[in-house]
Amino acid sequence: MSAILSCCDGSEDLSGSPGGGGKTYITFTFLSNKKNMTINNEAAGLHVFFSIKGVLICAFVVLAYLSYSIPMVYSYFDSVNFIYVNAWDEETYLSYQGALAAMKVPGYWFSSVIVYVFHNAGFSGGDINLIFDCILTPVMFFALVLSFKCSGFKVDNAVFFSVVLLFSPILFNFGNPLVQSFFLREYGVFGFGFEPYQSILRTPEPQLSCLLISVAVAYYTKTKKLIGLFVVLPFLYFYVAIVYVFFLIAVLTFVRIGFFRGSTNALRVFFACFFSYFIVSIGFAALDAVFFSRDVFIVASSSLYIKTHVPIIPVAGVFAFVLLAMQLILTRVMEATHNNYNGFQLFLVCSIFLVSNIHVLSGVMLSYKNYMDYAVGFIGGASLIIFIQFLIANKVYGVGLVGGFLQL
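Note that the structure is a prediction, hence the values are computed from the model and not measured.

The contact between helix α15 (residues 315–333) and helix α16 (residues 340–355) brings their axes to 9 Å, and the two run at 160 degrees. In terms of axis orientation, α15 runs roughly antiparallel to α16. Relative to α16, α15 is oriented so that their crossing is left-handed. Contacts between α15 and α16 involve A316, G317, V318, A320, F321, L323, L324, Q327, L328 and T331 from the first element and Y341, N342, Q345, L346, V349, I352 and F353 from the second. Taken together, the residues of the contact of α15 with α16 break down into 12 nonpolar, 5 polar and no charged.

Structure below.
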């Protein structure tokens, strides 16, 4: 998603905040016998500022980190035998035997090798979980901040959006009480995440794959070298890789057909998304013919391997569609000027619906709840970010938002 935003005009004030986002910069002045010596903190690279917004965002980031790290650290020092997991099956892949077995499975081999190396270095599965959660997640956070910053976002917005993106999948899985109240944990008309935990905290996957992608995107937004986006592909978790490939193909298609050269033609959005969908679906069908359908374990699992062409409606897609509709309405009734976000939102809506329905063309659904838990949820979070940025860029706040809809 960040690789897409980096194509925005960097000169645009994406924060929508007059006067540099409302920050109060402090200038220190010293009197001397010869002249006044004024030290400008920005020129000196100190960036000293105080603002209520900055304090709230910092508190938000710190509380998000402490909310999951405190229970783990407390358990580590309090328990005789430290066994702590965020996901119900983490102990399987964090065990020595589990790592050995998963090293032979495509999409699991890289993370399993790392777990295997840690075990041989004397760390237990619980230790590995603690290390990954307390170190990898902050690294992902700073990589995302860098990506947003290099894409033209203000620092405070980049910090806030990075946290939102990291933890957004829980909005669309059973960790959300609304999802738990309205849906059953089974395949049906609607698609959503079955798990009740934060996807980003499931060690080693998709945690490690998300780290690789966040670093790759940060590298690309900083250097504009595409090689960084492709080099991580062989190391990704299968369910993350499928969605990541879809985005790579779609974004490259956008660039080739000139979508980001001042055009927001909806036909170009549809063309790029459906072209990517076609390529990924054909590739998925080929994988099924060569590998999935020949694996006795996969075929024997009715919840893992499903032959169907029946489409599903992703909850995250419905959420993104509603946000797109709101943006289009506000664009019309309030004459919003920063309309490039409508094109981005349309891209995300199409992506969620198409990547959630690869089986419609390929004919096979392979543990689709994993796509919802470990990939589609993040796209829903990106949709929320685009909507918030649309409001900020067009200075649509509280009363203005309500007033805009009252004009209908």
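With that settled, consider a nonpolar patch on the surface. A cluster of nonpolar side chains, contributed by V189, F190, I313, V318, F321 and V322, occupies part of the molecular surface with about 490 Å² of accessible area. Per element, the largest residue contribution to the nonpolar patch is 3 residues, and it comes from α15. Mapped onto the elements, V189 comes out in the loop between α9 (177–182) and β5 (190–191). Classification of V189 as exposed rests on a relative accessible area of 54%.

What follows covers the environment of F160. Within the fold, F160 resides in helix α8 (residues 155–167). Note: C-alpha distance between F160 and C58 (102 residues apart in sequence) is 8.4 Å. In contact with F160, other than residues within four places in its own chain, are I57, F60 and I388.

Taken as a whole, this structure holds 38 aromatic pairs when the rule is applied. Taking the centre distance of 5.8 Å and the plane angle of 55 degrees together, the rings of F160 and F161 count as tilted. Classification of F161 by relative accessible area gives buried; the value is 1%. Considering the side-chain rings of F183 and F190, the 5.4 Å spacing of their centres and the 55 degrees angle between planes classify their relative orientation as tilted. Since its relative accessible area comes to 22%, F183 is described here as partly exposed. In this structure F190 comes out as partly exposed when scored by relative accessible area, which is 37%. Of the aromatic side chains, those joined through ring pairs into one cluster are Y93, Y108, Y237, F238, Y239, F284, F291, F292, Y368, Y371 and Y374.

Rules used throughout
Residues numbered from 1 in each chain as written. Predicted model: local features only at pLDDT ≥ 70, side-chain atom pairs only at ≥ 80, totals over all residues. Heavy atoms only, no water. Axes fitted to C-alpha atoms, helices over the stretch in contact; angles between N-to-C directions. Helix = DSSP H or I, 4+ residues; strand = E, 2+ residues; numbered from the N terminus. Parallel < 35°, antiparallel > 145°, perpendicular 65-115°, else oblique. Left-handed = near helix turned anticlockwise from the far one by under 90°. Contact = heavy atoms within 4.5 Å. Nonpolar A, V, L, I, M, F, W, Y, C, P; charged D, E, K, R; others polar. Patch = residues over 30% accessible without salt bridge, like charges linked within 9 Å, V, L, I, M, F, W, Y side chains within 5 Å. Areas by Shrake-Rupley, 256 points an atom, 1.4 Å probe, with all protein chains shown as cover. Salt bridge = Lys/Arg side-chain N within 4 Å of Asp/Glu carboxyl O. Buried < 20%, exposed > 50% of the residue type's maximum accessible area, 1.4 Å probe, protein only. Phe/Tyr/Trp six-rings, centres within 6.5 Å; stacked < 30°, edge-to-face > 60°.

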